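# Examination of the molecular architecture
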Amino acid sequence: MIFLRILAAFVLMGIMALVAIIWLPVSRSPLSESVPADWTASPGEGEYVMRAGDCMACHTAENGPDFAGGRAIESPLGTIYTANITPDPETGIGSWTLPQFRAAMIDGLRPDGAHLYPAMPYENYRMLTERDIRALYSYFMDEVEPVNSPVPEPELPLPFNQRWGIRVLNWAILSHDNGFDGTMGDPVLDRGQYLVEGPGHCAACHSPRTVYMGQDGIAAGEPDFLTGGFIAGQEAPPLRGQGSRIRHWPIQELTTFLATGRNFESTANGEMGLVVDHSLQHLTDDDIIAIARFLRAADRLQHEAPEEAVATGPLSIPYAQANAEGADTARMLTGAQPDMPLGARLYLDNCAQCHFVTGRGSPGIFPALQGNSLVTSSEIAPLVSIILQGARVEGTEKRPMPLVMQGYKDRLDDAEIAELASFLRQAWGNAAEPVTEAEVAEIRQSGEAIGH
Amino acid sequence: MARTDAKKDVVIVGLGWTGAIMGMELAQEGLEILALERGPNRETVPEMRYPNMIDELSQGERHNMMLRPAQSTVTIRRNLNETALPMRKWGSFLLGNGVGGSGVHWNGQNWRPQPIEMQLRSHIRDTWGEEIIPEDMTIGDYPVTYDELEPYFDRFERVAGITGAAGNINGEVQEGGNPFEGWRSGDYPMPPLPVTYNGIKFAEAARAMGYHPFLRPGGNASTSYVNEYGMQMGACNFCGFCERYGCYQYSKSSPQTTILAALFRKPNFSYRTGAEVLRVEMAADGQTATGVTYFDEEAGEEVFQPADIVILAAYQIENVRLMLLSGIGTPYDPVSGQGVTGKNYGYQITGSTSMFFRDEHFNPFIGSGINGVCIDDFGMSANDFGALGFIGGAYISSAQTNGQPIRSMPLPQDTPAWGAEWKSGIAEWYGHQMSIGHHGSVMSYRGHYCDLDPTYRDRHGRPLMRITFDWHPNELRMNAYLKEKIEEIARSMQPDVMQSSYKDYNSRYDVRPYQTTHNTGGTIMGATPETGAVNRYLQAWDKHNVFVTGAGAFVQNTQYNPTGLVGGLAYWAVDAIRRQYLRNPGPLA
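Residues numbered from 1 in each chain as written. Chains lettered and ligands numbered in written order. Predicted model: local features only at pLDDT ≥ 70, side-chain atom pairs only at ≥ 80, totals over all residues. Heavy atoms only, no water.

As a further point, take the interface of chain A and chain B. Contacts between the two partners involve 34 residues from chain A and, on the opposite side, 32 residues from chain B. Between chain A and chain B, roughly 2500 Å² of surface is buried when both sides are summed, and carbon and sulfur atoms account for 54% of that area. On the chain A side of the contact with chain B, Gln353, Met401 and Gln406 of chain A bury the most area, a combined 25% of that side's loss. A salt bridge links Glu397 of chain A to Arg265 of chain B; the shortest N-O distance between them is 3.6 Å. (Contact = heavy atoms within 4.5 Å. Buried area = accessible area lost by both parts, 1.4 Å probe. Salt bridge = Lys/Arg side-chain N within 4 Å of Asp/Glu carboxyl O.)

In structure tokens form, the structure reads like this:
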């Protein structure tokens, strides 16, 4: 009997809590700074915040009008579609007031009080300054073309389609104050910190997720901040800590990667390609350098500014020779004996022209495959889909040439691609599990290419 | 007239090397520019993807990348008395088509002319006297000097990403380079590529005879490269598919790898493919052009495109034809020698000696378009024209550009061309052969010219270009001299079998076998309207808003592959447009 009573008490408390969650009015965060009422953004300022915040990548469907939303975001719980954020009053945000816009950005609230799904990174945007929020608001209201285009309802099963459930989540993840106070003790580093933690919302992909799916580390000083995560079936590699490859990059290689989507050993594929295309390439050199310096400072590394964010041509950059880890594979490929494993033979016949027998590519244009997190990731779909469908790194202002790799789906069958991918994952010191023919078949079936 | 489009500041005819250079430089002035390209769009992916691109039958043999003769071709005769007939399959030269033009399908061999080649008539007059110039030889001086062009050669080499070893930096001869080259203000932007075994063997033999071997310069990247526009190339891997192919690995200099993507980002630049320009339209007073009329392939109609500046940046042959069809410059008359448009058509002369070594392996499948060791010891500046009895020069090289099975299967000449013995010949000799060849100048002559064919017309009813050309005794004498020199080197290498392929004194121009796509002249530069169709800034003498780029400007052909001079002249001319013409439109000379 006692047991039943206790149970009944818990149920009653649970119901009361639920009622509270559903019915108690939501609260909106207070202003983090006072901005004069007559303050207006300078020309281009709002657009710049939009670029820094990378609004376009998510809020634009493939080949759709800018900011009209409708891009499908696959979450583990189901599919949601990004909102139309053009100033169309009916299907967009044209009827929103500044406070309503602000609440969406930093509290994750719609004007009707409903909660936004946390695919919208309000957890990070919460750190936006009031000025940037106002600049952004006037940009969307005054400079973006309204597009009348309704977006589909989310495809989420119970209970995840109940937006009030997000409220519980928000109690856990929105515990930090809104607004931004730099902690790096240097104005440039603070600027980098702001861009990374706030508008850039790097942690949304590059920090791990907690059990309740919040970002595990949204600010410098938190132990797991930017130590790697996953996004849309793709690994977002660690940007700091022992597993971070970029900690070995000279700072100018980091700035070059951010501004152009390519550097001496890597290219920005898939989700990061979108970030470079829609956001980072549009930032000033000073901001790119500030971001790079902050990322290195946050990893306790030397962070002296490079001479320029991206070196100006003409530049002749010698390709790298095989290193100790890659020497055996390079020797086997150079020997080109007919009894090499099939994967190695396929590599020689299809890949080595650009990526070289060293597996280290040609700097700035063809990425290294040795130590490449996309190649060795537990998520094999990006690697296999690139072999199948090819890949495209968009051109940028400073490196205008799109880097386009052709696909091999018409040339190699599933078994061959499995052999090839397995070879890549184990060559030059790479040590990842092999890929099976069945896995390739499934990825081929899906027809998906990364970054589209 | 079916349609008139909105006016542009600049219309560019042809989007190859010079169209891309002109577009890029003028786009930086903020001008509204439209480029019209008669062929299709071409990008590395998908158009040049592996392995589809390296299909020798489609590309090498059936010329899929080239202009289709059904769309347009040329007629050819050897002298004024013959009736010219149309080329129905390309042979002696290959006309490119599509975005990137011939810059897509070239080997990448890139040279500057020698300084004396630019002022050749004066050089001969000052050295031997003008009387050594044959009566029918119409060579002259370019109205621009090597020294004036040097910064623009340099600029083009840095944009195009040329590899090589300098032979003369500011007058100081450099070890390992070509000691006969004109001075350069700096080294090549990329070091040379490694060389194949045939080149090493040739270099040893040449050095032993006192010659000065060096690695051929050109547009096959030896490292990763970024040019001033931020465009990029990756290092070449010697796949051996350059000429007649587009490069599938971003290693060959082309408009695609060095200019176009940067140009396409410019909001004030646009281009149309399937847009074949039919003629340049003139103002009522005939002093200036008003734009061009083109055929819009997609719409199936003629379009008038008004523009303030017209740049003819098509291939030499099409540029000459457009000038003649549009009444730009006085048509050249080979009988009276009067007129300029179409004058001084030039070509180049080649010959080679093949050597077979039973016990040597050359691995011919390892090749690149520029691969090879050269000597310039018989070049223009080294030759004593008075003593030798000819005017001209050539560089000699041992190249290994490819080992493609259909066209690159050299066999001893007594081997049957088919059947079991042919097969056993291949088994015996494949990979055991190397060759030494020369690449020589061809002078300009009164009877070598371009005009409109009186009989044959294209699908738009326009006369085809007629080329009148034959080998002249001057070049055949030079050819015989070079044969002797090459065979001397070849013999010193003691091959098991040696055979030569050169024109003899009775040779006539044969349009069937491929020779070179180095057609020049017809829109020649001149210091006066009487001596050239365009002035020293490639501006039409009689229509100041028409500029004509390309090798048509060559007063006489040089001994080298022409692209370096073509690129240098384009940068030289566009610099004058930017600095002078835009401020004050009118004749620049």
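All names here are of chain A. If you check the domain split of chain A, you get domain 1 (42-173), domain 2 (187-298) and domain 3 (327-446). Look at where the C-alpha atoms of domain 1 and domain 2 centre, and you get two points 22 Å apart. Both sides together, the interface formed by domain 1 and domain 2 hides about 2000 Å², and carbon and sulfur atoms give 61% of it. Linking domain 1 with domain 2 are 0 salt bridges, by the criterion used here. Counting across the domain 1 and domain 2 interface gives 10 residue pairs in polar contact (both at pLDDT 80 or more). (Domains from an automatic or database assignment. Polar contact = N/O pair within 3.5 Å; in protein donor to acceptor, adjacent residues only side chain to side chain.)

The subject of this paragraph is the packing of helix H17 (residues 381-389) of chain A against helix H19 (residues 437-446) of chain A. To describe two helices that pack against each other, one gives the angle between their axes and the distance between the axes. Residues and elements named next belong to chain A. Direction vectors running N to C along H17 and H19 enclose 65 degrees, while the axes themselves pass 10 Å from each other. As the angle between them shows, H17 and H19 are arranged roughly perpendicular. Here the hand of the crossing between H17 and H19 comes out right-handed. From H17, Ala381, Val384, Ser385 and Leu388 reach across to H19, where they touch Val440, Ile443 and Arg444. Among the residues forming the contact of H17 with H19, the class breakdown is 5 nonpolar, 1 polar and 1 charged. (Axes fitted to C-alpha atoms, helices over the stretch in contact; angles between N-to-C directions. Helix = DSSP H or I, 4+ residues; strand = E, 2+ residues; numbered from the N terminus. Parallel < 35°, antiparallel > 145°, perpendicular 65-115°, else oblique. Left-handed = near helix turned anticlockwise from the far one by under 90°. Nonpolar A, V, L, I, M, F, W, Y, C, P; charged D, E, K, R; others polar.)

All names here are of chain B. Here Ser368 lies in the loop between strand S15 (349-356) and strand S16 (372-375). Using a relative accessible area of 1% as the deciding quantity, one classes Ser368 as buried. Within polar-contact distance, the side chain of Ser368 engages the side chain of Asn220 at 3.1 Å. Excluding residues within four positions of it along the chain, Ser368 makes contact with Leu193, Asn220, Cys236, Phe238, Cys242, Gln400 and Thr401. (Buried < 20%, exposed > 50% of the residue type's maximum accessible area, 1.4 Å probe, protein only.)

Residues and elements named next belong to chain B. One pass over the full model with this rule turns up 48 aromatic pairs over all chains. Look at Tyr142 and Phe554: their rings are 6.4 Å apart centre to centre, the planes differ by 55 degrees, and that puts the pair in the tilted class. Here Tyr142 is found in the loop between helix H5 (120-127) and helix H6 (146-160), whereas its partner Phe554 is found in the loop between strand S22 (546-548) and helix H13 (563-581), with 412 residues between them in sequence. An identical accessibility class is assigned to Tyr142 and Phe554; each is buried. Consider the rings of Phe469 and Tyr509, whose centres lie 5.1 Å apart with planes at 90 degrees: the pair is edge-to-face. One end of the pair, Phe469, is in the loop between strand S20 (463-468) and helix H12 (473-492); the other, Tyr509, is in the loop between strand S21 (497-501) and S22, and 40 residues separate them in sequence. Members of the aromatic cluster, connected to one another through ring pairs, are Trp90, Phe93, Tyr345, Tyr347, Phe469, Trp471 and Tyr509. Just above the ring of Tyr188 sits the side chain of Arg184; from NZ or CZ to the centre is 3.9 Å. (Phe/Tyr/Trp six-rings, centres within 6.5 Å; stacked < 30°, edge-to-face > 60°. Lys NZ or Arg CZ within 6 Å of the ring centre and 35° of its normal.)

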